Structure formats: C-alpha cells, structure tokens
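# Architecture at a glance
So you can see what is in the structure, the chains are spelled out below.
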Amino acid sequence: MEIYKSLKLDLNFKTVVTIGTFDGVHIGHRKIIERLVQTAKKSQLHSVVLTFFPHPRMVLQKDANIKLINTIEERSRILEQLGLDVLVIKKFTKEFSRLTAEAFVSEILVKQLQVKKIIIGYDHHFGRNRAANIDDLKAFGNMYDFEVEEISAQDINEVSVSSTKIRKALNSGDLKTANKYLGANYILSGKVVKGKGLGNTLGFPTANIHIKESYKLIPKHGVYIVKATIKTQTVFGMMNIGTNPTIDSNNQQSIEVHFFNFNEAIYNKNLVIELLDRIRDEKKFDSLDHLKNQLQKDRQTALQYIEQCHAQ
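These notes cover the structure that comes with them.

Thresholds, definitions, all that
Residues numbered from 1 in each chain as written. Predicted model: local features only at pLDDT ≥ 70, side-chain atom pairs only at ≥ 80, totals over all residues. Heavy atoms only, no water. Helix = DSSP H or I, 4+ residues; strand = E, 2+ residues; numbered from the N terminus. Buried < 20%, exposed > 50% of the residue type's maximum accessible area, 1.4 Å probe, protein only. Areas by Shrake-Rupley, 256 points an atom, 1.4 Å probe, with all protein chains shown as cover. Contact = heavy atoms within 4.5 Å. Arc of directions from axis to C-beta. Polar contact = N/O pair within 3.5 Å; in protein donor to acceptor, adjacent residues only side chain to side chain. Pairing = 2+ DSSP bridges. Axes fitted to C-alpha atoms, helices over the stretch in contact; angles between N-to-C directions. Right-handed = clockwise from strand over helix to strand, strands pointing away.

Attention shifts here to the overall build of the chain. Tallying secondary structure elements over the chain gives 10 helices and 12 strands in all. Principal axes of the C-alpha set define a box for the chain whose edges measure 75 × 45 × 35 Å. Residue burial in the chain is summarised as follows: out of 312 residues, 52% are buried. For the chain, the exposed area adds up to about 16,200 Å²; of that, 46% sits on carbon and sulfur atoms.

Given below as structure tokens:
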C-alpha cells in the first residue's frame, strides 16, 4: 500500500475512491473498504481511501478533546491489511474546510486522485459548510466523467452509529461490544518503557506501555486479557490500566502488561497489544498480600479464557 501525506500526487493510474475519517475501521467501514477493493480489482483500477487527520471535530468544533479509536498509524495498518492500494492522509485544516464542493471535486478528486468511480454513503456531505450532497456529487460525476456508487441507508446507518457506540463501550469497560462492532480486537500501540519495578516485587513483572498519542482512547481502568506478537511469537498476558491504588498514591495512569511464559528484555520495543476480554475493575486492596492473591486469581481466569478461546 502506498501512503501519501499530502494532496500533491503524481498518480499515473485511474482510481476508485472512498472518503471518510474511518476512526476504528469498524464493521461498517470494512464493508465499504471490501467493496472498494473488489470494485477496483474488477475494473482494473486502483483502490484509494482519502482520509483526514486531525479529526475534523478536533479542528472545527470545541470538541478538541475527542478521543479516537485508532491512532493514524493503526488506521493505516488496518487499511493495508484490508488490501487497499493507496491511502491519502490529508491534513484537515479550517482553510481546507472552506474549499467549495466544485473545487474539491475538480482539484482533488479529478486532478489529483484521477477518480473514475466514487463509493460513498447516501448521506455524504462535502465542500464548504458541507453544503453539497450525493445528488451534487452525481451531477459533478456527469460533468467530470466519473461514476458514483451510493452505499445503502442500511449500511450507512451502521457506519454512523458504530464509532460512537465503540467509544461509549470502551469508556464503560464493555470490551465485548467494542470488539463486536470493530470486527476485531481493540488495540493499544506503544513503546515499552522502564517502570518502577513494582510488578517484580509482587512476582508479576510487567512491561510498561507508553502511548505517545494523547488523542488515543484508553479504555476504562481495569484488568484485561491481552495478546501481542513479539518477534513473530504470539504471547498472551494480562494488562492493568489504572493508577495502582494499592501501591501508589500519585494517581497517575499507567498501562502495564504481565506476559505469561515470556521473560525476554523488551525495553524500547514498540508493541501492538490486542485486548481480548476484561476481567474486572481496578480496586484498592487492604494489603499487598490481598493484591497478590487477586493477581493469582486474575492469572487463572486469563489462562482459562486463553485455553478455551485460543487453543493453539
């Protein structure tokens, strides 16, 4: 997959394009991308996603604190896995939002993206003040010689509600619902950094994960069953998201993973952690012994889940 981070393109091929933020690349989005990739192959064209970063709501509304399901790197990786040919990441600015609908079509879709077909939702709005709609796009298609395929209301309704539902589910600790809507496991991507070594004192050494993107949605505090691929090896474990209230009083959030049957040094490595299930809320225990006992129970719960659901 080719990735462009501006609209200064020099494409020497014709394309099928879809447009959107695609936060989460959830089951509704996946239908659109699958349709896009299939259409491109059938028509001997290249599949292109035009996406935007930062999220338009971060730029245009006072909703600058919106948390996103995917970092831009995660979004790119998922789209590549779905077979996309070209990803164009346009920096979203107030200036760009003022572009007229016709300028957007003629200068970007036609001139830069070499579009022959657009696959888009029936309720898609674009151009300055989002004033143009699907009918306008079809009229531009007649003018500039490209086809418009409209995604059904049924599919687009699924698209419009799922990102919001996923965020709400993750914030409330309902990982099962989030993963169901994503059509995949929720992921956290970050670098392993040195922690305080508290896990070692409890007999549960942990990898401390630092996520540099402040806009990334961190799920509700608690204990999760996770897996990661480390040096081509699939490794399972349990992860705590929270403030370690039994041990620490500074109330600072940390993300710590205890991997099972794995003791290699992985400092400074970038890991992608998949969240498989949620065991419990984080809580403050009366003593370190009570905490150790609970961690042993959590480990057993996790190992039973892994044996039942991920038997190799």
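We are not done yet, so read on.
We now examine unusual backbone geometry. Between Phe 53 and the following residue, Pro 54, the backbone shows a cis peptide bond with an omega angle of 0 degrees. For Pro 54, the location among the structural elements is in the loop between strand E3 (46–53) and helix H2 (56–60). The residue Asp 145 is not glycine, and still its phi comes out positive at about 65 degrees. As for its placement among the helices and strands, Asp 145 is situated in the loop between helix H6 (134–144) and strand E6 (147–151). Taking relative accessible area as the criterion, Asp 145 reaches 54% and is therefore assigned exposed.

Positionally, His 124 belongs in the loop between strand E5 (115–121) and H6. Here His 124 is in contact with Ile 19, Ala 132, Asn 133 and Ile 134, once residues within four sequence places are set aside.

Here the focus is H6. Within H6 the residues assigned to the buried category are Ile 134, Leu 137, Phe 140 and Gly 141. For H6, the arc enclosing every buried residue in end-on projection is 115 degrees, short of the 170-degree limit, so these residues lie on one face. Relative to its buried face, H6 has exposed residues pointing more than 90 degrees away, namely Asp 135, Asn 142 and Met 143. Each element contacted by the buried residues of H6 is listed here: helix H5 (101–112), E5 and E6. Sitting at the amino-terminal end of H6 is Asn 133, which places a side-chain oxygen 3.0 Å from the backbone nitrogen of Asp 135. At the exit of H6 stands Asp 145, carrying a positive phi of roughly 65 degrees.

This part takes up the sheet that holds strand E2 (residues 15–19). One open sheet holds the 6 strands; their spatial order is E1-E4-E3-E2-E5-E6, and the pairing between them is parallel. The sheet terminates laterally at strand E1 (2–4) and E6, the two strands that pair on one side only. Pairwise comparison of adjacent strand axes, ignoring direction, gives a mean angle of 20 degrees for this sheet. The sheet contact formed by E1 and strand E4 (residues 86–91) spans 3 bridges and is parallel. Its bridge partner lying in E4, Glu 2 is registered against Val 86.

The subject of this paragraph is the pairing of E2. Of all the 5 residues making up E2, 5 are buried; the element is thus mostly covered by neighbouring parts of the structure. With 5 bridges connecting them, E2 and E3 associate as parallel partners. The residue of E3 that forms the bridge with Ile 19 is Leu 50. Once the chain exits E2 it traverses helix H1 (residues 27–43) before rejoining the sheet at E3, and the crossover so formed is right-handed. Here E2 runs beside E5; their pairing, made up of 3 bridges, is parallel. The residue bridging Val 17 from the neighbouring strand is Ile 118, located in E5.

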